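# Descriptive structure summary
Here's the letter readout for the chains.
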Amino acid sequence: MKRQTGIEWTEVTWNPTTGCDRISEGCLNCYALTMAKRLKAMGSERYQNDGDPRTSGPGFALTLHTQALDQPYRWSGRRTVFVNSMSDLFHAKVPLSFVRDVFQVIADTPQHTYQVLTKRSARLPKIADKLDWPSNLWMGVSVETADHLYRVDHLREVPAAVRFLSCEPLLGSLAGMDLTGIGWVITGGESGPRARSLDPEWVREIRDACVEAQVPFFHKQWGGRAPKEQGRLLDGLVWEEMPKRAVG
């Protein structure tokens, strides 16, 4: 299907929860927090609950949307779906029962491929054995600096069909990163008026490690004030490899 989102590595987003709290330096200029503030001002019903101003913001309190659970059942064709582009399914305030509900929807719609991404990796091994992991679910963690490589170790404990890393916004070198058990890596620079710079060598290190380990590599963007300001080319090439288990 035609992509319905500006995120190059997926086709559509699905948000059974909205809202979050900043927990690491990668969250500093969170696009979702800024968008939630705008949506609240526009009167969007899903973004009227305010979060803690120290870690969240207007319209960005963690909120469950049970009515959104029916949405994938109505989709035609096959889609690649990013789950919770405006939240984190493994936030501590999301009950295990609701995570199970989301996983059940995923299992019930095997024609689609679902991508779940979290910064709260410590919760993964704690509840992994309490969940039934559908074969069409990819599980990923964000890794913005070497200080957060422990998230990769947590991810390796999860029995997901594909385990992936989102190194975006990439804020430092991840040289020497262990890709054992990892099936996909995404890199990208930050965008927006306060975007932090991305050193091309940090991306090359990851690309070269992926090539050596035969792990699909996807470079999303260099970033800048606008997301596409500096394009996507890395040494003259567009790198947009995907795992072979994509349903669509």
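To be clear, the structure that these remarks concern was listed above.
Let me begin by describing the structure that accompanies this report. The model shown is predicted, which means the values in this text are computed figures rather than measured ones.

Per the counting criterion, the structure on display carries nine aromatic pairs. Ring centres 5.4 Å apart and planes at 50 degrees place the aromatic pair Phe164 and Trp184 in the tilted group. Taken as a pair, Phe164 in strand β7 (residues 162-167) and Trp184 in strand β8 (residues 184-187) lie far apart in primary sequence, 20 residues in all. The class for Trp184 is buried, based on a relative accessible area of 0%. Cluster of aromatic residues (ring-pair linked, three or more members): Trp9, Phe82, Trp138, Phe164, Trp184 and Phe218.

Ranked by size, the top nonpolar core spans 51 residues in total, and within it Trp14, Phe90, Trp133, Met139, Leu165, Val185 and Ile206 carry the most contacts. A total of seven residues in this core trace back to one element, the largest contributor, which is helix α2 (residues 96-108). One finds Trp138, Val162, Phe164 and Ile186 within the second-largest nonpolar core, a separate group that totals 10 residues.

Quick look at the pairing of β8 now. Neither face of β8 is open: one carries Trp184 and Ile186, the other Val185 and Thr187, and all of them are buried. Across four bridges, the pairing between β7 and β8 is parallel. Its bridge partner lying in β8, Ser166 is registered against Ile186. Viewed along the sheet, the connection from β8 through helix α5 (residues 200-213) into strand β9 (residues 217-219) turns out right-handed.

Looking now at the environment of Ala146. Looking at the element boundaries, Ala146 is found in the loop between β6 (137-142) and α4 (150-156). Accessibility expressed as a relative area gives 42% for Ala146, which makes it partly exposed. C-alpha of Ala146 to C-alpha of Gly6: the two residues are 140 residues apart in sequence and 27 Å apart in space. In this view, Ala146 contacts Ser173 and Leu174; residues no more than four positions away in its chain are not counted.

To continue, consider α2. For α2, which comprises 13 residues, the first-to-last C-alpha distance of 18 Å matches the rise-based estimate of 18 Å (1.5 Å per residue) to within 8%. Listed in full, the buried residues belonging to α2 are Leu96, Phe98, Val99, Val102, Phe103, Val105 and Ile106.

At the junction of Glu168 and Pro169, the peptide bond is cis and its omega measures out at -5 degrees in the coordinates. Positionally, Pro169 belongs in the loop between β7 and β8. The phi angle at Asn84 is positive, at roughly 65 degrees, despite the residue not being glycine. Mapped onto the fold, Asn84 is located in the loop between β4 (80-83) and α2. Despite not being glycine, Gln214 shows a phi value in the positive range, around 60 degrees. Positionally, Gln214 belongs in the loop between α5 and β9. A relative accessible area of 74% means that Gln214 is categorised as exposed.

The rules we used
Numbering of residues starts from 1 in each chain and follows the order in which that chain's sequence is written. For this predicted model, a pLDDT threshold of at least 70 governs which residues receive local features, and a threshold of 80 or more governs which side-chain atom pairs are given and counted, while totals over whole chains, interfaces and linings are taken from all residues. Water and hydrogen atoms play no part in the side-chain values, which are based on all heavy atoms of the structure. Each aromatic pair joins two rings of Phe, Tyr and Trp (for Trp, the six-membered one) with centres within 6.5 Å, and gets the label stacked for planes under 30 degrees apart, edge-to-face for over 60, and tilted for any other angle. Every helix listed is a DSSP run of H or I at least four residues long, and every strand listed is a run of E at least two residues long, numbered separately from the N terminus. Buried means the residue's accessible area, taken with a 1.4 Å probe over protein chains only, is under 20% of the maximum for its type, while exposed means over 50%, and partly exposed covers the values in between. In this description, a nonpolar core means a group of buried Ala, Val, Leu, Ile, Met, Phe, Trp, Tyr and Cys residues linked to one another through side-chain atoms lying within 4.5 Å. In short, DSSP must find at least two bridges between two strands for them to pair. For crossovers, right-handed means that the path from the first strand over the helix to the second runs clockwise, given strands pointing away from the viewer. Only heavy atoms enter the contact rule, under which two residues are in contact if any of them lie within 4.5 Å. To estimate the expected span of a helix, subtract one from its residue number and multiply by 1.5 Å.

Coordinates in, geometry out; function isn't part of it.
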